Every structure is written in structure tokens, then in C-alpha cells.
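Overview (structure and organization)
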Amino acid sequence: MAVNLLAIESSCDDTSASVLQDGNILSNVVANQDVHQLYGGVVPEVASRAHQENILPVVDAALKKAGISKKELDAIAFTRGPGLIGSLIVGVSFAKGLALSLNIPLIQVNHMDAHVLAHFAEDPKPDFPFLCLTVSGGHTQIARVDAPDNMTILGKTIDDAAGEAFDKTGKLLGLPYPAGPIIDKNSKLGSALFNFPKPKVGELDFSFSGLKTSIRYFLQKEREKNINFIEENMNDICRSVQDRIVSILMDKLETAADQTGIKEVAIAGGVSANNALRASIKEVGEKKGWNTYIPAFQYCTDNAGMIAVAGYFKYLNKDFVGQDVAASARI
Ligand code: KG4
Ligand code: ZN
């Protein structure tokens, strides 16, 4: 008998549901919340309410697309954290209610682990141990992954996440939220004419707040000379900032690979959708003799497919949780 697993992700501003059968993803439905663009960032209260509206239709769509009825489900995996507590509670409560009514087991998944395990959604899959640079709107870390349930964080950001560096730069440039994809697009038409500093932090740690400050001062100074500086140089500014963020990330990843001797190297998380980062890991990987792994776009940004994949590893180990499980903002 096939094993059918439903997964639910609601940690930030995307409501997502996925159905996985025997380890293969049959559907991965994501409802984005464009409403946050009005505010230039995610508003937690608004996000929770949108999740409440979206969750039922999103789960329904995922089941329909997979051609599976809810009675055929064998388990439900959900994101327990980390994330926005109000957003998490919507997904966790929904998963608990549905699992109770169907009398099937519940599987808790850590959102960050799931970003890493997204690499097992499709071929080619990395061999263990592998290194994974996970870069999203909330996190930036390099992990050594020895098994699905055995990850060691080698380095992480001491302030802003890489995605935040993109989004906050976008705000300074007057771009809508989330600015990462727009900066990526503009960069293709620009050159890295402006030089921004590299932070000095621990060997495998990251810092992006100094970069943000230097961009702010740079723009202020240039706009005093030419009030239209941003508009006239948009693509070049984007390209300069993007190149710097990518070089900061790649330097640390290279150091981690050198130190550990691991040649299986992966990137994950929303920022791994960035074209320059994707090109850079391939280029550096060729030079260094790495096997590199980049998830398909749909498994980079927040999605329930990655929760399903992570949940299935736990399903095979019968690693279930009871109805007393609660959402946790900082697992
Ligand atoms: O993983 P994700 O969807 O959500 C979190 O868990 O945070 O990541 C969202 C982040 C945002 O900061 C967004 O600007 C960034 O990923 N992002 C990108 C690109 N696509 C998404 N950053 C740079 N280039 C992109 N193409
Ligand atoms: Zn994420």
C-alpha cells in the first residue's frame, strides 16, 4: 500500500500544502500573501489572518491536484517552528484537528531542517555528509548534514539574514517587498560599479548590518549631489549590492568546504533562488571539484513540499508527536 502524507507550512507569509506519496511529491500548492507589500514587510497579525483564510482552500487544492482524498492520508506533517507564532499556530492547529478527525499520526518538522532536506525532493540528491548554506528572509547558516536527523550548524549570521539584506536594501531603493527577486532582475541589466565593504566576523559567521548601513550612507551622500541618483543608477546599485552579498556568502561556504574537506555542497532557502548565487556556486564548485546542489525554484522559497520530504524521513522512523504539541517560534 502506498503511503500518502499531507504537509502544511505556515511559518511566515506563505500558506502551503503538499501531498507526497512514497517519497514523491504529487502536489505543492503555495498561496502568497501580497497584502504585505502595502506595508513594506510582513505584518504578523495580517499574516495570521490571511493564513486562516487560505489554509482550507490550499489544502483542498493540494489534495485535488494529487488526486488523493483525505481518507487516503496516512499522516500529516506540519511546520512547528521557527517562525511567526501567530502564523505557525494556524498551520499547527489545522494539522492537529485534521489528524485527530482522521485518526492518523502527526509529524512535527523544523522549518530550517526542511529547507535543507528540500534537496531530497528531486534528483540529483546529495550524499551524506554534505554542506548546506541556507539563506532565507529570517536565517543564514552553514550546516554540516550527516543524516536527515543529524545536522551541525558550523556558522550563522550574528545580525541580519541574507534575505533581509536584500529586502532592506530594496526599501532604501524604494522597491516593494520582498525586494530580493527585483534586485536579482535589475542586476542582470547593471554592472558592479560601486564597492561595498566586506564584514569582518568569525570565520564561518555572517554579518549584514554593516553592509546595510554603508549602503544607506552611500545613497545619502550621492543623493546630496544628485537627487535622482537612485533612479539613474538603479541597475548598477542592485548589481553592486547583489555581488557583495553573494561574495560574502560564497567566501564562507568555500572556507567551510576547505575546513571540513566535504565536496558535496548545497544551497537552500529563498535567497538560493538568486541567479547570481546559483551561478556562483556552480562556478566555484567547478574550480574546487565540488558536486553542487541547487533546489528547483519551487523548493527554494517557503513551500510545504520541503515539509513533506522532511516529514517522510520521520514517518519512516515512526517519529510521531501527540496532540499536546504546540507551535514554537524559536525551536
Ligand atoms: O525561504 P523564504 O521564502 O522565507 C523565509 O523562510 O524567510 O525566503 C524569503 C527571502 C526574502 O528575503 C526574499 O527577498 C528572498 O528570500 N529572495 C531572493 C530571491 N527570491 C527570494 N533574494 C534574492 N534573489 C532572489 N531571486
Ligand atoms: Zn523559509
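Residues numbered from 1 in each chain as written. Chains lettered and ligands numbered in written order. Predicted model: local features only at pLDDT ≥ 70, side-chain atom pairs only at ≥ 80, totals over all residues. Heavy atoms only, no water.

On to the sheet that holds strand 9 (residues 264–268), then. Strands sit in the order 8-7-6-9-10 across an open sheet of five strands; the sheet is mixed. Here the strands that pair on one side only, and so sit at the sheet edges, are strand 8 (150–156) and strand 10 (291–293). Each neighbouring strand pair of the sheet contributes to a mean axis angle of 20°, computed without reference to strand direction. The pairing of strand 6 (residues 130–135) with strand 7 (residues 140–147) spans six bridges and is antiparallel. Within strand 7, the residue paired with Cys132 across the bridge is Ala143. Against the sheet, helix 7 (residues 229–260) engages strand 6, strand 7, strand 8 and strand 9, with an angle of about 160° to strand 6. (Pairing = 2+ DSSP bridges. Helix = DSSP H or I, 4+ residues; strand = E, 2+ residues; numbered from the N terminus. Axes fitted to C-alpha atoms, helices over the stretch in contact; angles between N-to-C directions. Contact = heavy atoms within 4.5 Å.)

Next up on the list: unusual backbone geometry. Asp123 connects to Pro124 through a cis peptide bond whose omega is -5°. The residue Pro124 is located in the loop between helix 3 (111–117) and strand 6 in this model. Positive phi values are uncommon outside glycine, yet Asp22 reaches one of about 50°.

Read across the open sheet, the five strands follow the order 3-2-1-4-5; overall the sheet is mixed. Looking at strand neighbours, the two that pair on one side only are strand 3 (24–32) and strand 5 (106–110), the edges of this open sheet. Each strand axis lies, on average, 20° off the axis of its neighbour in the sheet, ignoring direction. As paired strands, strand 1 (residues 4–9) and strand 2 (residues 14–21) are joined by six bridges and run antiparallel to one another.

On to the domain arrangement of the protein chain, then. By a frequent convention, interface size equals the accessible area lost on bringing the separate parts together. Segmenting the protein chain into domains produces domain 1 (4–116 + 300–316) and domain 2 (127–295). Here the C-alpha centre of domain 2 lies 27 Å away from the C-alpha centre of domain 1. Contacts between the two partners involve 13 residues from domain 1, matched on the other side by 17 residues from domain 2. In total, about 1300 Å² of surface goes out of reach between domain 1 and domain 2, with carbon and sulfur atoms giving 74% of it. Considering only the surface of domain 1 that becomes buried against domain 2, Met112, Val116 and Cys300 emerge as the three largest contributors, covering 48% of it. For the pair domain 1 and domain 2, the interface holds zero salt bridges. Applying the counting criterion to the domain 1 and domain 2 interface returns one residue pair in polar contact (both at pLDDT 80 or more). (Domains from an automatic or database assignment. Buried area = accessible area lost by both parts, 1.4 Å probe. Salt bridge = Lys/Arg side-chain N within 4 Å of Asp/Glu carboxyl O. Polar contact = N/O pair within 3.5 Å; in protein donor to acceptor, adjacent residues only side chain to side chain.)

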